Amino acid sequence: MQEIEITDDGSATIYVKELDEHYHSVKGALTESEHIYCKSAYLHHSNGTPLRLLEIGYGTGLNAVVTAMVADSTRPLHYISIEKYPVSPTTLSQLNYGEIVDKELYKAITDAPWNKAVEITPYFTLEKIEGDYLTDNLPQDIDIVYFDAFAPEKQPEMWSKESFERLFASLSPNAVLTTYCAKGAIRRMLIEVGFSVERLAGPPNGKREILRATKKGSV
Ligand SMILES: C[S@@+](CC[C@H](N)C(=O)[O-])C[C@H]1O[C@@H](n2cnc3c(N)ncnc32)[C@H](O)[C@@H]1O
(Lines give C-alpha, C1' and ligand atoms only; values in the text may rest on other atoms or scores of the structure.)
Protein backbone atom coordinates (compact mmCIF):
# COMPACT_ATOMS: atom_id res chain seq x y z
CA MET A 1 0.00 0.00 0.00
CA GLN A 2 1.19 3.51 -0.82
CA GLU A 3 0.49 6.68 1.14
CA ILE A 4 1.35 10.30 0.35
CA GLU A 5 3.30 12.15 3.03
CA ILE A 6 4.54 15.74 3.21
CA THR A 7 8.26 16.05 3.94
CA ASP A 8 9.93 18.79 6.00
CA ASP A 9 10.39 21.20 3.06
CA GLY A 10 6.71 20.95 2.11
CA SER A 11 7.17 18.65 -0.88
CA ALA A 12 5.35 15.34 -1.01
CA THR A 13 6.73 11.82 -1.11
CA ILE A 14 5.32 8.31 -1.27
CA TYR A 15 5.51 5.92 1.68
CA VAL A 16 5.46 2.21 0.87
CA LYS A 17 3.99 0.37 3.81
CA GLU A 18 5.18 -3.14 2.88
CA LEU A 19 8.81 -1.98 2.75
CA ASP A 20 8.48 0.67 5.47
CA GLU A 21 10.32 2.93 3.04
CA HIS A 22 9.87 6.40 1.52
CA TYR A 23 10.61 7.40 -2.07
CA HIS A 24 12.56 10.43 -0.80
CA SER A 25 14.09 11.82 2.36
CA VAL A 26 11.45 12.79 4.90
CA LYS A 27 13.70 15.80 5.67
CA GLY A 28 12.79 17.23 2.26
CA ALA A 29 12.07 15.47 -1.02
CA LEU A 30 12.67 18.50 -3.22
CA THR A 31 15.77 19.56 -1.26
CA GLU A 32 17.22 16.06 -1.61
CA SER A 33 16.59 15.98 -5.31
CA GLU A 34 18.17 19.40 -5.88
CA HIS A 35 21.21 18.77 -3.70
CA ILE A 36 22.16 15.12 -4.12
CA TYR A 37 21.35 14.63 -7.75
CA CYS A 38 20.95 17.86 -9.67
CA LYS A 39 23.68 19.94 -7.99
CA SER A 40 26.19 17.25 -6.95
CA ALA A 41 26.03 15.21 -10.17
CA TYR A 42 24.45 16.99 -13.16
CA LEU A 43 25.57 20.56 -12.49
CA HIS A 44 28.95 19.29 -11.27
CA HIS A 45 29.64 17.41 -14.51
CA SER A 46 30.21 19.49 -17.59
CA ASN A 47 32.02 17.13 -19.98
CA GLY A 48 30.44 15.95 -23.18
CA THR A 49 27.65 17.38 -25.27
CA PRO A 50 25.00 16.18 -25.00
CA LEU A 51 25.38 14.42 -21.69
CA ARG A 52 23.76 11.04 -21.09
CA LEU A 53 22.29 10.49 -17.66
CA LEU A 54 20.95 7.26 -16.18
CA GLU A 55 18.62 7.32 -13.20
CA ILE A 56 18.05 4.11 -11.26
CA GLY A 57 14.42 4.32 -10.13
CA TYR A 58 12.24 6.89 -11.93
CA GLY A 59 9.63 6.80 -9.16
CA THR A 60 7.65 10.04 -9.14
CA GLY A 61 9.74 11.90 -11.74
CA LEU A 62 10.84 14.49 -9.17
CA ASN A 63 14.56 14.13 -9.99
CA ALA A 64 13.70 14.35 -13.68
CA VAL A 65 11.75 17.60 -13.44
CA VAL A 66 14.24 19.26 -11.08
CA THR A 67 16.98 18.46 -13.60
CA ALA A 68 14.93 19.50 -16.63
CA MET A 69 14.37 22.90 -15.00
CA VAL A 70 18.09 23.71 -15.13
CA ALA A 71 19.08 21.93 -18.36
CA ASP A 72 20.33 24.54 -20.81
CA SER A 73 22.31 25.00 -24.01
CA THR A 74 25.63 24.55 -22.19
CA ARG A 75 24.76 20.99 -21.11
CA PRO A 76 21.92 19.47 -23.12
CA LEU A 77 20.83 16.23 -21.57
CA HIS A 78 19.51 12.84 -22.60
CA TYR A 79 17.88 11.66 -19.36
CA ILE A 80 17.29 7.90 -19.23
CA SER A 81 15.43 6.51 -16.25
CA ILE A 82 14.71 2.87 -15.44
CA GLU A 83 11.67 1.91 -13.40
CA LYS A 84 10.39 -1.58 -12.66
CA TYR A 85 7.14 -0.59 -10.94
CA PRO A 86 5.74 2.65 -12.43
CA VAL A 87 3.72 4.69 -9.94
CA SER A 88 0.03 4.80 -10.87
CA PRO A 89 -1.37 7.97 -12.47
CA THR A 90 -3.78 8.26 -9.50
CA THR A 91 -0.93 8.35 -6.99
CA LEU A 92 1.11 10.74 -9.16
CA SER A 93 -1.88 13.11 -9.34
CA GLN A 94 -1.93 13.31 -5.52
CA LEU A 95 1.63 14.64 -5.25
CA ASN A 96 1.98 18.41 -4.89
CA TYR A 97 4.83 18.79 -7.37
CA GLY A 98 2.71 20.87 -9.77
CA GLU A 99 2.69 23.57 -7.04
CA ILE A 100 6.41 23.53 -6.23
CA VAL A 101 8.16 22.89 -9.55
CA ASP A 102 7.42 24.01 -13.13
CA LYS A 103 3.89 22.68 -13.56
CA GLU A 104 3.92 22.40 -17.36
CA LEU A 105 7.29 20.69 -17.34
CA TYR A 106 6.19 18.18 -14.72
CA LYS A 107 3.06 17.41 -16.71
CA ALA A 108 5.08 16.89 -19.90
CA ILE A 109 7.47 14.58 -18.05
CA THR A 110 4.68 12.65 -16.35
CA ASP A 111 2.69 12.28 -19.56
CA ALA A 112 5.68 11.22 -21.66
CA PRO A 113 5.25 7.66 -22.97
CA TRP A 114 7.44 4.84 -21.69
CA ASN A 115 10.19 3.24 -23.76
CA LYS A 116 10.53 6.14 -26.18
CA ALA A 117 12.90 9.12 -26.27
CA VAL A 118 10.84 12.31 -26.11
CA GLU A 119 12.17 15.86 -26.50
CA ILE A 120 10.63 17.68 -23.53
CA THR A 121 12.59 20.92 -24.11
CA PRO A 122 15.31 21.74 -26.67
CA TYR A 123 17.87 20.81 -23.98
CA PHE A 124 16.17 17.89 -22.22
CA THR A 125 15.26 14.60 -23.87
CA LEU A 126 13.58 12.06 -21.63
CA GLU A 127 13.61 8.29 -22.07
CA LYS A 128 11.65 6.48 -19.36
CA ILE A 129 12.30 2.77 -19.57
CA GLU A 130 9.88 0.39 -17.96
CA GLY A 131 12.22 -2.43 -17.04
CA ASP A 132 14.42 -4.11 -14.49
CA TYR A 133 17.76 -2.52 -13.67
CA LEU A 134 19.08 -5.86 -12.44
CA THR A 135 18.41 -7.92 -15.53
CA ASP A 136 17.89 -5.62 -18.55
CA ASN A 137 20.77 -4.55 -20.78
CA LEU A 138 21.95 -1.20 -19.50
CA PRO A 139 22.24 1.86 -21.76
CA GLN A 140 25.91 2.55 -22.59
CA ASP A 141 28.19 5.62 -22.60
CA ILE A 142 26.54 7.11 -19.54
CA ASP A 143 28.12 10.29 -18.11
CA ILE A 144 26.02 10.76 -14.99
CA VAL A 145 24.19 8.30 -12.72
CA TYR A 146 21.50 9.20 -10.22
CA PHE A 147 21.60 6.09 -8.04
CA ASP A 148 18.25 6.40 -6.29
CA ALA A 149 17.27 2.83 -5.39
CA PHE A 150 15.48 1.98 -2.17
CA ALA A 151 17.85 1.61 0.79
CA PRO A 152 20.33 -1.30 0.93
CA GLU A 153 18.52 -2.76 3.98
CA LYS A 154 15.26 -2.82 1.99
CA GLN A 155 16.53 -3.90 -1.44
CA PRO A 156 20.07 -5.29 -1.01
CA GLU A 157 20.20 -6.78 -4.50
CA MET A 158 20.22 -3.27 -6.00
CA TRP A 159 23.45 -2.53 -4.08
CA SER A 160 25.45 -5.68 -4.84
CA LYS A 161 29.02 -5.62 -6.10
CA GLU A 162 27.94 -7.50 -9.25
CA SER A 163 25.35 -4.88 -10.17
CA PHE A 164 27.82 -2.03 -9.53
CA GLU A 165 30.37 -3.80 -11.77
CA ARG A 166 27.80 -4.01 -14.56
CA LEU A 167 26.91 -0.36 -14.06
CA PHE A 168 30.59 0.68 -14.03
CA ALA A 169 31.08 -1.01 -17.40
CA SER A 170 28.28 1.06 -18.92
CA LEU A 171 29.90 4.39 -18.00
CA SER A 172 32.02 6.83 -19.98
CA PRO A 173 35.44 7.85 -18.64
CA ASN A 174 35.02 10.53 -15.94
CA ALA A 175 31.38 9.61 -15.37
CA VAL A 176 29.98 10.56 -11.97
CA LEU A 177 27.46 8.76 -9.78
CA THR A 178 25.78 10.26 -6.76
CA THR A 179 23.66 8.60 -4.12
CA TYR A 180 22.08 9.52 -0.83
CA CYS A 181 23.56 6.40 0.78
CA ALA A 182 26.87 7.09 2.54
CA LYS A 183 27.24 3.76 4.31
CA GLY A 184 30.85 2.56 4.66
CA ALA A 185 30.05 -0.82 3.10
CA ILE A 186 28.62 0.83 -0.02
CA ARG A 187 31.51 3.30 -0.24
CA ARG A 188 34.05 0.45 -0.05
CA MET A 189 32.15 -1.54 -2.68
CA LEU A 190 32.18 1.41 -5.08
CA ILE A 191 35.94 1.75 -4.55
CA GLU A 192 36.47 -2.00 -5.16
CA VAL A 193 34.55 -1.73 -8.40
CA GLY A 194 36.93 1.01 -9.59
CA PHE A 195 35.38 4.35 -8.63
CA SER A 196 37.11 7.18 -6.78
CA VAL A 197 34.68 8.10 -4.04
CA GLU A 198 34.16 11.40 -2.21
CA ARG A 199 32.01 12.01 0.82
CA LEU A 200 30.10 15.25 0.34
CA ALA A 201 27.98 17.23 2.75
CA GLY A 202 24.35 16.18 2.62
CA PRO A 203 21.37 18.41 1.88
CA PRO A 204 20.56 21.30 4.25
CA ASN A 205 18.74 19.85 7.28
CA GLY A 206 19.07 16.39 5.82
CA LYS A 207 21.61 13.57 5.90
CA ARG A 208 25.08 14.33 7.17
CA GLU A 209 26.88 12.91 4.14
CA ILE A 210 26.24 11.66 0.64
CA LEU A 211 28.53 9.92 -1.85
CA ARG A 212 29.87 10.96 -5.22
CA ALA A 213 31.76 8.29 -7.18
CA THR A 214 33.83 9.13 -10.26
CA LYS A 215 35.15 6.79 -12.95
CA LYS A 216 38.55 8.41 -13.30
CA GLY A 217 40.21 8.72 -16.70
CA SER A 218 39.80 6.28 -19.57
CA VAL A 219 39.53 2.61 -18.75
C1 LIG B 1 13.79 5.70 -3.93
S2 LIG B 1 12.63 5.37 -5.20
C3 LIG B 1 13.11 6.46 -6.52
C4 LIG B 1 12.60 7.90 -6.39
C5 LIG B 1 12.69 8.65 -7.69
N6 LIG B 1 14.03 8.81 -8.17
C7 LIG B 1 11.93 9.96 -7.65
O8 LIG B 1 12.51 11.01 -8.04
O9 LIG B 1 10.77 9.92 -7.28
C10 LIG B 1 13.25 3.81 -5.83
C11 LIG B 1 12.60 3.36 -7.11
O12 LIG B 1 13.25 2.20 -7.63
C13 LIG B 1 12.27 1.38 -8.25
N14 LIG B 1 12.80 0.02 -8.43
C15 LIG B 1 12.82 -1.00 -7.51
N16 LIG B 1 13.41 -2.08 -8.03
C17 LIG B 1 13.78 -1.77 -9.29
C18 LIG B 1 14.44 -2.48 -10.33
N19 LIG B 1 14.85 -3.74 -10.16
N20 LIG B 1 14.66 -1.84 -11.52
C21 LIG B 1 14.24 -0.56 -11.69
N22 LIG B 1 13.61 0.17 -10.74
C23 LIG B 1 13.39 -0.42 -9.54
C24 LIG B 1 11.11 1.51 -7.30
O25 LIG B 1 9.89 1.08 -7.89
C26 LIG B 1 11.12 2.99 -6.95
O27 LIG B 1 10.36 3.73 -7.86
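Data block above holds the structure.
The structure contained in this document is the topic of the report that follows. Every value quoted in this text rests on a predicted model; they were computed, and no experiment measured them.

1. Overview of the pattern of salt bridges
Consideration 1: A full pass over the atoms with the stated rule returns 7 salt bridges.
Consideration 2: The shortest N-O distance in the salt bridge between Glu153 and Lys183 comes to 3.6 Å. Of the two residues, Glu153 is situated in the loop between strand 8 (142–147) and helix 6 (161–169) and Lys183 in the loop between strand 9 (171–179) and helix 7 (184–193); the sequence distance between them amounts to 30 residues.
Consideration 3: Relative accessible area serves as the criterion here: at 40%, Lys183 is assigned to the partly exposed category.
Consideration 4: Taking the shortest distance from any N to any O, the salt bridge between Glu165 and Lys161 comes out at 3.9 Å. Pair noted here: Glu165 and Lys161 are both in helix 6, with a separation of 4 residues, about one helical turn.

2. Considering the packing of aromatic side chains
Aromatic ring pairs are reported here in terms of the distance separating the ring centres and the angle at which the planes meet.
Consideration 1: This structure, assessed with the given rule, holds 12 aromatic pairs.
Consideration 2: A centroid spacing of 5.5 Å and a plane angle of 80° characterise the contact between Tyr58 and Trp114, whose relative ring orientation is edge-to-face. Taken together, the positions of Tyr58 in the loop between strand 4 (51–56) and helix 2 (62–68) and Trp114 in the loop between helix 5 (103–111) and strand 6 (117–121) put the pair 56 residues apart, joining distant regions of the chain.
Consideration 3: Taking relative accessible area as the criterion, Trp114 reaches 26% and is therefore assigned partly exposed.
Consideration 4: Ring centres of Phe147 and Trp159 lie 4.8 Å apart, and the angle between their planes is 70°; this geometry places the pair in the edge-to-face category. Separated by 12 residues along the polypeptide, Phe147 in strand 8 and Trp159 in the loop between strand 8 and helix 6 bring together distant segments of the chain.
Consideration 5: Judged by relative accessible area, which is 2%, Trp159 ranks as buried.
Consideration 6: Aromatic ring contacts, followed pair by pair, group Tyr133, Phe147, Trp159, Phe164 and Tyr180 into a single cluster.
Consideration 7: The ring centre of Tyr42 lies 5.9 Å from the NZ or CZ of Arg75, which sits over that ring.
Consideration 8: The ring of Phe168 has Lys215 lying over it, and the distance from NZ or CZ to the ring centre is 4.5 Å.

3. So, the side chain of Arg75
Consideration 1: One can find Arg75 in the loop between helix 2 and strand 5 (77–83).
Consideration 2: Within the structure, Arg75 has its side chain in polar contact with the backbone oxygen of Leu43 (distance 3.2 Å).

4. Thoughts on the pairing of strand 5
Consideration 1: Most of strand 5 is tucked away, with 7 of its 7 residues classed as buried.
Consideration 2: Side chains Leu77, Tyr79, Ser81 and Glu83 of strand 5 all project onto a buried face; the interleaved residues His78, Ile80 and Ile82 project onto the opposite face, where all are buried too.
Consideration 3: Across 6 bridges, strand 4 lies against strand 5 in parallel orientation. By the bridge assignment, Leu53 is partnered in strand 5 with Tyr79.
Consideration 4: Once the chain exits strand 4 it traverses helix 2 before rejoining the sheet at strand 5, and the crossover so formed is right-handed.
Consideration 5: Note: strand 5 against strand 7 (residues 124–130), 7 bridges, orientation parallel. Residue pairing for strand 7: Tyr79 is matched across the bridge by Leu126.

5. Remarks on the sheet that holds strand 1 (residues 2–6)
Consideration 1: The strand order across the open sheet formed by 3 strands is 1-2-3, and the pairing between neighbours is antiparallel. The open sheet terminates on both sides in strands that have one partner only, identified here as strand 1 and strand 3 (21–22).
Consideration 2: In the sheet, strand 2 (residues 12–16) pairs with strand 3 via 2 bridges, with the strands oriented antiparallel. Among the inter-strand pairings, Val16 is bridged to a residue of strand 3, identified as Glu21.

Conventions used here
- Residues numbered from 1 in each chain as written.
- Predicted model: local features only at pLDDT ≥ 70, side-chain atom pairs only at ≥ 80, totals over all residues.
- Heavy atoms only, no water.
- Salt bridge = Lys/Arg side-chain N within 4 Å of Asp/Glu carboxyl O.
- Helix = DSSP H or I, 4+ residues; strand = E, 2+ residues; numbered from the N terminus.
- Buried < 20%, exposed > 50% of the residue type's maximum accessible area, 1.4 Å probe, protein only.
- Phe/Tyr/Trp six-rings, centres within 6.5 Å; stacked < 30°, edge-to-face > 60°.
- Lys NZ or Arg CZ within 6 Å of the ring centre and 35° of its normal.
- Polar contact = N/O pair within 3.5 Å; in protein donor to acceptor, adjacent residues only side chain to side chain.
- Pairing = 2+ DSSP bridges.
- Right-handed = clockwise from strand over helix to strand, strands pointing away.

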